[in-house]
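Here's the letter readout for the chains.
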Amino acid sequence: MMSKLQELIDTLCPDGVEYKRLGEFATVIRGSGLQKNDFTENGVGCIHYGQIYTYYGAFTYETKSFVSPALAEKLKKVSKGDLVVAVTSENVEDVCKCVAWLGDDEIVTGGHSAIIKHNQNPKYLSYYFQSEMFFKQKRKVAKGTKVIEVAPKKLEEITIPVPPLEVQSEIVRILDNFTELTAELTAELTARKKQYEYYRDELLKPKNNIPMVTLKEIATDIYRGSGIKRDEVTEEGIPCVRYGEIYTTYNTWFDKCVSHTQLDYVSNPKCFENGDILFAITGESVEDIAKSVAYVGHEKCLAGGDIVVLKHNQNPRYLAHVLATQSAREQKSKGKVKSKVVHSNVPSIEQITIPLPSFEIQERYAEVLDNFEQLCNDLNTGLPAEIEARQKQYEYYRDKLLTFKEI
């Protein structure tokens, strides 16, 4: 696989590769403007910085979103081959994730993004931005605590190995093969998840012989959590959940918290216990707002701010599954948009209506759906484990291929 690459290196750069500051061969331009509510059905393609984290891989030929031609005139332009970099993030691990624009048409981007215009292979640079070597450098220039940012001028100071373009192209070819294999597995997993979601929604859809109830009717108590700041999360202490973790860390149900805090940090502690349902009532999109998860562990834990805790006497795993159905998500999506953020609240959650069969049938549904979901999500078996193994293999070879003897 790498014999051709070695031949190219031996021929074109036998004494090593020059490492250059990004600013020596590229221009970094900061974007401005562009909110999610600026998106239109069609028009000029655009990349919003948040989509770089959630939607795009190392490169793309198409945009997920569009803006009007009038707005596009006011925004920074992205040409074929340019890199779009997200220079703001909530954590240093993700900041400066980038996507290479390979489409033929000129597109635009906005604030919290930077455009890199250069004369190298765009995929090569984008792959390098994923590497461990780049990660070590960006840590040194990243600033902030709650919000991490890398200034475009600081980005220009980062050094990158710049081998001949023929060598870059061969490295890209090898890494493309790795990413293609992973993409095929991911597509299969996505199809399996859609199959699970269809089966779940069919199984849990309203039926004439099953009563419909509101969450208010089955709640024994419902209340908001109390704020736990990012810098108040500790290695040890009381288990806790912050609202963002409901979106990023937990699936349908969980039995252990990934975070802890100290009781002294929380002025008005709000606890949750075995069987409780947690709702995230702040989010970035109407589609995801009020995502919920069941806690089935046995420790008493703290609920962070922007979480609603629902106590009840039903099967928690059944509730977790039924609250993830399309019907429940449509009811949750009636959240209110304020500025860039979507909010829900206790009264809105109380009005969500679900089918409620007998406790025995709830348990049977939960067992069936747990088994089906495990096939999709268990990291120790099946496709997810294979995808994880391929990803680790890719990361190993990527970092190896992008490390050169320096002239």
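Structural data are supplied above this passage.
For clarity, every value in this text was computed on a predicted model and none was experimentally measured. (Residues numbered from 1 in each chain as written. Predicted model: local features only at pLDDT ≥ 70, side-chain atom pairs only at ≥ 80, totals over all residues. Heavy atoms only, no water.)

1. Quick notes on the packing of aromatic side chains
No. 1: For the coordinates displayed, the defined rule picks out 13 aromatic pairs.
No. 2: Aromatic pair Tyr 196 and Phe 372: ring centres 5.7 Å apart, planes at 70 degrees, arrangement edge-to-face. On the criterion of sequence distance, the pair formed by Tyr 196 in helix α8 (residues 165–203) and Phe 372 in helix α14 (residues 359–377) is long-range, its members being 176 residues apart.
No. 3: A residue is classified by how much of its surface remains accessible, and Tyr 196, at 6% relative accessible area, is buried.
No. 4: Within the aromatic cluster, the residues linked to one another by ring pairs are Tyr 250, Phe 254, Phe 272 and Tyr 295.
No. 5: Over the face of the ring belonging to Phe 59 we find Lys 123, whose NZ or CZ atom lies 4.1 Å from the ring centre. (Phe/Tyr/Trp six-rings, centres within 6.5 Å; stacked < 30°, edge-to-face > 60°. Helix = DSSP H or I, 4+ residues; strand = E, 2+ residues; numbered from the N terminus. Buried < 20%, exposed > 50% of the residue type's maximum accessible area, 1.4 Å probe, protein only. Lys NZ or Arg CZ within 6 Å of the ring centre and 35° of its normal.)

2. Structural notes on the pattern of salt bridges
No. 1: Per the stated rule, a full pass over the model turns up 20 salt bridges.
No. 2: With a shortest N-O distance of 2.4 Å, Glu 149 and Arg 30 are connected by a salt bridge. In this pair, Glu 149 sits in strand β12 (residues 148–149) while Arg 30 sits in strand β2 (residues 26–30), placing the two residues 119 residues apart along the sequence.
No. 3: The exposure class of Glu 149 is partly exposed, given its relative accessible area of 31%.
No. 4: Taking the shortest distance from any N to any O, the salt bridge between Asp 82 and Lys 117 comes out at 2.5 Å. Taken together, the residues Asp 82 in the loop between β6 (76–78) and β7 (83–86) and Lys 117 in strand β11 (residues 113–118) connect sequence positions 35 residues apart.
No. 5: Assessed through its relative accessible area of 7%, Asp 82 is described here as buried.
No. 6: Each of Lys 4, Glu 170 and Arg 173 takes part in salt bridges that share partners, so that together they form one network. (Salt bridge = Lys/Arg side-chain N within 4 Å of Asp/Glu carboxyl O.)

3. Quick look at the sheet that holds strand β3 (residues 44–47)
No. 1: Pairing in this open sheet of four strands is mixed, and the strands run β5-β3-β10-β6 from one edge to the other. Two strands lie at the open edges of the sheet, namely β5 (65–67) and β6, each paired on one side alone. This sheet shows a mean twist of 50 degrees between the axes of neighbouring strands, independent of strand direction.
No. 2: Of the strand pairs in this sheet, β6 and strand β10 (residues 107–109) are connected by three bridges, and their pairing is antiparallel. Directly across from Lys 77, in β10, lies its bridge partner Val 108. (Pairing = 2+ DSSP bridges. Axes fitted to C-alpha atoms, helices over the stretch in contact; angles between N-to-C directions.)

4. Let's talk about the sheet that holds strand β23 (residues 292–295)
No. 1: Taken together, the five strands give an open sheet; going across it, the order is β15-β25-β21-β23-β18, and neighbouring strands pair in mixed fashion. In the strand order of this sheet, the two ends are held by β15 (219–224) and β18 (253–254), each with one partner.
No. 2: In terms of strand pairing, strand β21 (residues 277–280) meets β23 through three bridges, oriented antiparallel. Bridge assignment links Phe 279 to a residue of β23, and that residue is Ser 292.

5. Regarding the nonpolar core
As a rule of thumb, soluble globular proteins bury nonpolar side chains together.
No. 1: Within the largest apolar cluster, 45 residues are counted, with the highest numbers of intra-cluster contacts made by Leu 22, Ile 116, Phe 129, Leu 155 and Ile 171.
No. 2: Here the element with the most residues in this core is α8; it accounts for six residues.
No. 3: If near-sequence neighbours (up to four positions away) are discounted, Leu 22 is found in contact with Val 28, Ile 116, Phe 129, Leu 155, Glu 156, Ile 158 and Ile 160.
No. 4: By size, the runner-up hydrophobic cluster in this structure holds 28 residues, among which are Ile 210, Ile 277, Val 308 and Leu 369. (Core = buried A, V, L, I, M, F, W, Y, C linked by side-chain atoms within 4.5 Å. Contact = heavy atoms within 4.5 Å.)

6. Section: unusual backbone geometry
No. 1: The phi torsion at His 112 lies on the positive side, around 65 degrees, for a residue other than glycine.
No. 2: Within the secondary structure layout, His 112 lies in the loop between β10 and β11.
No. 3: Look at His 112 and you get partly exposed, because its relative accessible area is 32%.
No. 4: Look at Ala 290: it is not a glycine, yet its phi comes out positive at around 65 degrees.
No. 5: Considering the arrangement of structural elements, one finds Ala 290 in the loop between β22 (282–283) and β23.

7. A closer look at the pairing of β21
No. 1: Of the two faces of β21, the one holding Ile 277 and Phe 279 and the one holding Leu 278 and Ala 280 are both buried throughout.
No. 2: Alignment of β21 against strand β25 (residues 307–312), held across four bridges, turns out to be antiparallel. What sits directly across from Ile 277, in β25, is Leu 310.

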